[in-house]
Amino acid sequence: MKKTPVFLESLVTNMLRLRAICPFSWRVFQFRPISCEPLIIQMNKCTDEEQMFGFIERNKAILSEKQVGCAFDMLWKLQKQKTSLLKNAEYVRDHPQFLTLHNLATNKFKLMNDDTLVNVLYVTQQFAGEAHDPLVEALVTEAWRRLERLKSTMLLMSEDLTGEQALAVLGAMGDMESRNSCLIKRVTSVLHKHLDGYKPLELLKITQELTFLHFQRKEFFAKLRELLLSYLKNSFIPTEVSVLVRAISLLPSPHLDEVGISRIEAVLPQCDLNNLSSFATSVLRWIQHDHMYLDNMTAKQLKLLQKLDHYGRQRLQHSNSLDLLRKELKSLKGNTFPESLLEEMIATLQHFMDDINYINVGEIASFISSTDYLSTLLLDRIASVAVQQIEKIHPFTIPAIIRPFSVLNYDPPQRDEFLGTCVQHLNSYLGILDPFILVFLGFSLATLEYFPEDLLKAIFNIKFLARLDSQLEILSPSRSARVQFHLMELNRSVCLECPEFQIPWFHDRFCQQYNKGIGGMDGTQQQIFKMLAEVLGGINCVKASVLTPYYHKVDFECILDKRKKPLPYGSHNIALGQLPEMPWESNIEIVGSRLPPGAERIALEFLDSKALCRNIPHMKGKSAMKKRHLEILGYRVIQISQFEWNSMALSTKDARMDYLRECIFGEVKSCL
């Protein structure tokens with residue numbers, strides 16, 4: 001089982017301080033109706049988890065916030081009686097009624113008194129399977145908000161914080177993305193005083209949070225660097241070495257000396273894939289930082305990369321079990337996995353393909369989603385397992401199973417059966433699924449041109465959107481923005497691709513705010529703009545950074561008449577490097593209605609590496625969806641890959657000009 005986080009202990013301490021400072025509000029929070037007692041007595045009579053889950057199922061509609069807290073306490077009390085804590089925690093976490101309890105806590109945590117809030121936070125962390133459990137984040141944020149109601153008191157108290165408490169406050173500030181400069185200064189002053197007493201993992205946490213909060217103080221980082229290097233010289237444990245190296249790589253001066261490199265080399269034979277991946281990311285960060293020197297040290301770093309590649313391949317080739325391999329994949333993100341090892345990893349997974357089943361299919365799918373690597377063999381196997389073993393698959397694993405198909409823009413042979421089976425399996429749980437996950441699921445399906453009416457009705461109704469709004473308030477600003485952006489993309493997709501559902505477009509204001517941040521053209525875009533102006537006959541025949549109806553941003557736009565002659569924009573053209581206004585009078589108007597007969601509007605899109613799969617020039621889901629939308633709006637879409645544009649064949653200006661002429665005036669619709 002997980003060790004209780006330092007932050008949790010400190011949070012309890014601070015909540016008790018709050019209790020002492022505000023006894024009146026504490027008494028108010030402690031009030032509960034007498035009718036709570038009979039249900040709590042029933043809970044206390046439960047002797048195992050199944051009885052508790054049966055109780056939750058029968059009483060979910062009437063449980064108060066106090067009773068929800070008691071239910072968490074009882075589950076933890078029963079859990080502590082087990083001999084195999086980890087195995088039983090997975091059973092509890094994956095039970096549908098635990099999710100019901102989870103959702104009840106999400107809806108009621110603001111009503112909980114401080115004791116209940118902290119207890120639920122503690123128990124939830126013990127059972128949490130995700131790195132970022134939304135309920136844990138919500139509880140942490142609420143606890144911190146209650147503390148912040150006393151801001152000035154906390155600022156006075158900050159000088160008296162212990163080292164552990166200062167670390168806890170820093171963690172909470174990171175969770176909330178709070179950049180209160182006065183509090184950061186006070187907290188880092190305490191951290192500086194206690195720096196020698198922190199363990200490597202705590203030093204990594206400090207480095208990560210201060211980097212995220214844009215803290216800059218040379219003397220603090222100098223002492224931190226010195227401490228990390230001294231730990232590194234005396235460490236022989238692979239995980240600890242990787243933690244220290246990762247922390248050093250995040251510092252303002254991430255350079256590592258020969259002693260540090262030797263320490264990494266010494267532990268390589270004992271490293272698992274997590275350690276190797278962490279080392280590779282750190283070394284690449286050093287090389288990027290030191291690339292201008294090209295000295296002997298950089299050569300050693302490149303040699304170290306080769307050794308990391310060797311040991312990584314060796315570990316993959318010696319893998320003899322998918323179960324053992326997937327344990328290492330659990331905390332790995334494919335997008336940070338070294339390019340040189342990714343192909344070997346996919347080959348290893350393909351070797352164990354027949355071992356993919358209802359137990360591990362969600363984890364394998366999640367890893368593939370993060371790799372941007374298209375393996376049709378693996379995706380076909382995942383789809384086959386989902387169709388054949390759907391009754392054994394936990395319903396809340398479905399979004400993870402669908403995601404790689406959405407990200408990588410791939411339809412398996414039995415596409416409709418696969419998607420239909422997955423959605424049908426989830427339908428009866430739509431009302432209790434986390435609203436954020438529901439939005440992400442809807443968006444994933446939309447990229448695959450799959451629009452289940454029941455799901456869309458569950459999302460686009462006043463009750464759900466009000467629930468979503470209330471939960472967005474408890475998220476960090478960046479995560480809240482991601483959820484809102486996906487909701488906008490889903491709304492746009494439904495309006496354009498399924499007008500028969502008559503779902504209104506309600507994201508004008510959001511998009512206008514979002515697009516305020518769009519700047520002018522960079523050097524490469526200005527170069528392309530000038531070339532297009534030459535090809536088309538003048539700068540008044542091309543527009544850059546065009547916003548379409550429903551706010552898709554098009555890199556470049558031009559119009560050809562029925563004889564394929566460019567039409568000038570005249571006074572509507574924008575100056576080089578400026579953000580254009582909305583190009584059309586109405587944001588719901590279809591393009592073709594404003595053009596002369598026979599004319600066509602052309603969108604030229606330049607696709608960077610993020611728009612394509614890592615192993616082949618295949619468009620990912622979002623780029624493919626954007627192309628569909630632009631075509632619905634009346635565009636002829638020309639998509640040009642950066643790999644093609646920067647290839648040897650297009651290494652001269654003349655070659656590029658000819659290429660653009662062929663794309664625009666010829667019959668080529670996609671230049672991938």
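So, how was this worked out
- Residues numbered from 1 in each chain as written.
- Predicted model: local features only at pLDDT ≥ 70, side-chain atom pairs only at ≥ 80, totals over all residues.
- Heavy atoms only, no water.
- Phe/Tyr/Trp six-rings, centres within 6.5 Å; stacked < 30°, edge-to-face > 60°.
- Buried < 20%, exposed > 50% of the residue type's maximum accessible area, 1.4 Å probe, protein only.
- Helix = DSSP H or I, 4+ residues; strand = E, 2+ residues; numbered from the N terminus.
- Pairing = 2+ DSSP bridges.
- Axes fitted to C-alpha atoms, helices over the stretch in contact; angles between N-to-C directions.
- Right-handed = clockwise from strand over helix to strand, strands pointing away.
- pLDDT = per-residue confidence, 0-100.
- Contact = heavy atoms within 4.5 Å.
- Core = buried A, V, L, I, M, F, W, Y, C linked by side-chain atoms within 4.5 Å.
- Left-handed = near helix turned anticlockwise from the far one by under 90°.
- Nonpolar A, V, L, I, M, F, W, Y, C, P; charged D, E, K, R; others polar.
- 1 Å grid on protein atoms, 1.4 Å probe; cavity = no way out; pocket = protein on both sides within 12 Å on 5 of 7 lines; lining within 4 Å.
- Points joined across faces, edges and corners; volume = space filled by probe spheres on them.
- Expected span 1.5 Å × (residues − 1).
- Parallel < 35°, antiparallel > 145°, perpendicular 65-115°, else oblique.
- Salt bridge = Lys/Arg side-chain N within 4 Å of Asp/Glu carboxyl O.

Let us now look at the packing of aromatic side chains. Inspection of every chain in the model, using the stated rule, returns 14 aromatic pairs. Pairing Phe220 with Phe221 gives two aromatic rings, centres 6.0 Å apart and planes at 90 degrees, and the pair type is edge-to-face. When sorted by exposure, Phe220 lands in the same class as Phe221, which is buried. Measuring from ring centre to ring centre gives 4.9 Å for Phe485 and Tyr514, while their planes differ by 40 degrees; the resulting arrangement is tilted.

Quick look at unusual backbone geometry now. Backbone geometry at Asp372 places phi at a positive 60 degrees, although glycine is not the residue there. By secondary structure assignment, the location of Asp372 is in the loop between α21 (361–371) and α22 (376–388). For Ser545, which is not glycine, the phi dihedral falls at a positive 50 degrees.

Take the sheet that holds strand β2 (residues 553–560) next. Sheets are built from strands paired through backbone hydrogen bonds, the pairs being either parallel or antiparallel. With mixed pairing, the four strands of this open sheet are ordered in space as β1-β2-β3-β4. Whereas interior strands pair on both sides, the edge strands pair on one side only; in this sheet they are β1 (543–547) and β4 (635–641). Strand-to-strand, the axes of this sheet are offset by a mean angle of 40 degrees, without reference to chain direction. Bridge analysis of β2 against strand β3 (residues 600–607) gives five bridges, and the strand direction is antiparallel. The partner of Glu557 across the bridge, within β3, is Ala603.

Right, let's get into the pairing of β3. Taking burial as the measure, the eight residues of β3 include seven buried ones, the bulk of the element. Sheet topology places β3 next to β4; seven bridges connect them, and they run parallel. From the neighbouring strand, Ala603 faces β4, where its bridge partner is Val637. Taken together, β3, helix α31 (residues 621–632) and β4 constitute a β-α-β crossover, and its handedness is right-handed.

Consecutive residues of a regular strand have side chains that alternate between opposite faces of the sheet. With seven of eight residues buried, β2 lies mostly within the body of the structure. Here four bridges tie β1 to β2, and the two strands are oriented antiparallel to one another. In the sheet register, Lys543 faces β2, and the bridge partner there is Glu557. Taken together, β1 and the strand that follows it, β2, pair antiparallel across an intervening segment of five residues, in which Tyr550 is found at a positive phi of about 65 degrees.

Moving on: the confidence of the model for the protein. Residues with a pLDDT of 70 or more make up 85% of the protein, whose mean pLDDT is 83. The low-confidence segment residues 16–36 (pLDDT under 50) makes 26 contacts with residues lying over four places distant or belonging to another chain. For the stretch residues 571–593, pLDDT sits under 50, and the model shows 52 contacts to residues farther than four places along the chain or on other chains.

Once that is clear, we can look at the nonpolar core. Residues Leu349, Ile382 and Phe418 are the most contacted members of the largest nonpolar core, which totals 73 residues. If sequence neighbours within four positions are ignored, Leu349 has contacts with Leu322, Leu325, Leu329, Ile364, Phe367 and Leu378. In terms of nonpolar packing, the next biggest core, distinct from the first, is built from 47 residues, Leu251, Ile261, Leu276 and Leu308 among them.

Before going further, it helps to spend a moment on the packing of helix α23 (residues 398–408) against helix α25 (residues 435–447). One way to put it is that α23 packs onto α25 with a least axis distance of 9 Å and a crossing angle of 35 degrees. In the crossing of α23 with α25, the sense of the turn from one axis to the other is left-handed. Across from Pro399, Ile402 and Ser406 in α23, the residues of α25 making contact are Ile437, Leu441, Ser444, Leu445 and Thr447. Partitioned by chemical class, the residues of the contact of α23 with α25 number five nonpolar, three polar and no charged.

In this model, the second largest pocket occupies a volume close to 330 Å³. Of all elements in the fold, only α7 (96–108) and α27 (462–472) reach the threshold of two or more residues within the lining of the second largest pocket. With four residues, the single largest contributor to the lining of the second largest pocket is α7.

On to helix α15 (residues 238–250). Here α15 is 13 residues long and its end C-alpha atoms lie 19 Å apart, about the 18 Å a rise of 1.5 Å per residue gives. Turning to α15, its buried residues are Pro238, Val241, Ser242, Val243, Leu244, Val245, Ala247, Ile248 and Ser249.

You can see Ala400 is positioned in helix α23. Classification of Ala400 as partly exposed rests on a relative accessible area of 22%. Every residue in contact with Ala400, bar those within four places of it in the chain, is listed here: Gly362, Ala365, Ser366 and Ser369.

For the rest of this paragraph, the subject is the packing of α15 against helix α16 (residues 258–267). For the pair α15 and α16, interaxial distance at closest approach is 10 Å and the crossing angle is 150 degrees. When the axis of α15 is compared with that of α16, the two are roughly antiparallel. You can see that α15 and α16 cross each other, and the crossing is left-handed. Between α15 and α16, the contacting residues are Pro238, Val241 and Val245 on the first element and Arg263, Ile264 and Val267 on the second. Taken together, the residues of the contact of α15 with α16 break down into five nonpolar, no polar and one charged.

Take the pattern of salt bridges next. In the structure shown here, the tally under the stated rule is 24 salt bridges. Between Glu344 and Arg313 there is a salt bridge; the shortest N-O distance is 2.9 Å. Of this pair, Glu344 sits in helix α20 (residues 339–351) while Arg313 sits in helix α18 (residues 296–317), and the two are 31 residues apart along the sequence. Among the salt bridges present, the one from Arg628 reaches Glu449, with a minimum N-O distance of 3.6 Å. Linking Arg628 in helix α31 with Glu449 in the loop between α25 and α26 (453–459), this pair joins segments that are 179 residues apart in sequence. Here Arg628 falls in the buried class, since its relative accessible area comes to 14%. Looking at Glu449, the relative accessible area reads 46%, which means it is partly exposed. A cluster of three or more residues bridged by salt bridges with shared partners is formed by Asp309, Arg313 and Glu344.

This brings us to the side chain of Glu489. Position of Glu489 among the secondary structure elements: in helix α28 (residues 477–497). Relative accessible area serves as the criterion here: at 3%, Glu489 is assigned to the buried category. In this view, Glu489 contacts Phe443 and Lys622; residues no more than four positions away in its chain are not counted.

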